[in-house]
Amino acid sequence: PDLQAAPPMIAYFDEASVNEAGRPAPARAVRFYLATTDAGSLSAVMVAADSARRHVPENGSTLFRRYKAMNGSRTTLDRLDEPTAQQVVVHATYKGSPTWSMDCPEPVLARMLVLHECNGIGLAVMRMADGTNTFQLIPVKISMGKARAVGTYEDRVLSEPCPNFCADPPELYLHRRN
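Residues numbered from 1 in each chain as written. Predicted model: local features only at pLDDT ≥ 70, side-chain atom pairs only at ≥ 80, totals over all residues. Heavy atoms only, no water.

Chemist: Help me out: how do you make sense of the overall build of the chain in this one?
Modeler: The helix and strand inventory of the chain stands at three helices and twelve strands. Here the chain has a C-alpha radius of gyration of 15 Å; the compact-globule value for 178 residues is 16 Å, and the two agree. For the chain, the spread of C-alpha atoms along the three principal axes comes to 45 × 40 × 30 Å. Residue burial in the chain is summarised as follows: out of 178 residues, 51% are buried. When contacts within the chain are restricted to residue pairs at least 6 apart in sequence, those whose partners lie at least 24 apart make up 59%. If you sum the accessible surface of the chain, you get close to 8,700 Å²; carbon and sulfur atoms cover 50% of it. Averaging the coordinates of the 19 positive side-chain charges in the chain and doing the same for the 19 negative ones gives two points 2 Å apart. (Helix = DSSP H or I, 4+ residues; strand = E, 2+ residues; numbered from the N terminus. Rg over C-alpha atoms; globule rule 2.2 N^0.38 Å. Buried < 20%, exposed > 50% of the residue type's maximum accessible area, 1.4 Å probe, protein only. Contact = heavy atoms within 4.5 Å. Areas by Shrake-Rupley, 256 points an atom, 1.4 Å probe, with all protein chains shown as cover. Lys, Arg positive; Asp, Glu negative; His and termini not counted. Charge placed at Lys NZ, Arg CZ, Asp CG, Glu CD.)

Put into structure tokens, the structure is as follows:
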């Protein structure tokens, strides 16, 4: 397939940032949330999640990373505390649909990041057959402040989004809390 025809991506996370997010023990996955920037544009936030689907603290507090920009072969991220992350997630909407999240197991991300030329992950919004939105994670090469898809279509990851497909307690997710 022609990977230059990859869907538009709303956020990127370079390999070092993804690895850092998935590193704190006992992280088993990285959770991605639809979010907004300070200017109100769409972005995404990532955070480590454990096997019980709880956010994993780093050095005593939970750290959320929001995509801000690309710089050379790296991404610039805002580091957010939990109340700020919840605010930018809860206020995000996509074409009238409320925000969502998806979890990607750390081994799946690791397989993407070892692909030839891959040095990051791009997030594209995809509509599922039932009309709900989710993210497609796309392996990318970030260079000179731009990203292009690498690998094959089968290397991309599409997941069932939460809240539609999660039965866990609402307090485990920024967008499901009251």
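There is more to say after this.
Chemist: I keep staring at the sheet that holds strand β4 (residues 64-71) and nothing clicks. Help me out?
Modeler: What holds strands together in a sheet is hydrogen bonding between their backbones, with the strands either parallel or antiparallel. On the basis of which strands lie adjacent, the open sheet formed by five strands has the order β5-β4-β3-β2-β8 and antiparallel pairing. Strands at the two margins of the open sheet, each flanked by one partner only, are β5 (74-80) and β8 (101-105). Each strand of the sheet is rotated relative to its neighbour by a mean of 35°, with strand direction disregarded. Alignment of β4 against β5, held across seven bridges, turns out to be antiparallel. (Pairing = 2+ DSSP bridges. Axes fitted to C-alpha atoms, helices over the stretch in contact; angles between N-to-C directions.)

Chemist: What exactly am I supposed to notice about the nonpolar core here?
Modeler: Side chains of a nonpolar character, in soluble globular proteins, are inclined to be buried together. Formed by 36 residues in total, the largest nonpolar core has its most connected members in Phe13, Phe32, Phe135 and Leu137. Contributing elements (two or more residues each) for this core: β1 (9-14), α1 (15-22), β2 (29-36), β3 (42-49), β8, α3 (106-113), β9 (120-127) and β10 (133-143). (Core = buried A, V, L, I, M, F, W, Y, C linked by side-chain atoms within 4.5 Å.)

Chemist: Just checking my understanding: could you explain the pattern of salt bridges for this structure?
Modeler: Once their charged atoms are close, side chains differing in charge can pair, the charge on each being opposite to the other. Evaluation of the coordinates by the stated rule reveals 13 salt bridges. A salt bridge links aspartate 14 to arginine 74; the nearest nitrogen and oxygen atoms lie 2.9 Å apart. Of this pair, aspartate 14 sits in strand β1 while arginine 74 is found in strand β5, placing the two residues 60 residues apart along the sequence. Between arginine 177 and glutamate 82 there is a salt bridge, with the nearest N and O atoms lying 2.8 Å from each other. You can see arginine 177 sitting in the segment after β12 (157-158) and its partner glutamate 82 sitting in helix α2 (residues 82-90), a full 95 residues away along the chain. Owing to a relative accessible area of 25%, arginine 177 belongs among the partly exposed residues under this scheme. Put simply, Glu20, Glu58, Arg65 and Arg79 are held in one network by salt bridges that share partners. (Salt bridge = Lys/Arg side-chain N within 4 Å of Asp/Glu carboxyl O.)

Chemist: Sorry if this is basic, but what is going on with the side chain of threonine 134 here?
Modeler: Mapping threonine 134 onto the fold places it in strand β10. Threonine 134 gets classed as buried once you look at its relative accessible area, which sits at 0%. Within polar-contact distance, the side chain of threonine 134 engages the backbone oxygen of serine 159 at 2.7 Å. Contacts of threonine 134, omitting those with residues within four sequence positions, involve Trp100, Met102, Ala124, Val125, Met126, Met128, Leu158, Ser159, Glu160 and Pro161. (Polar contact = N/O pair within 3.5 Å; in protein donor to acceptor, adjacent residues only side chain to side chain.)

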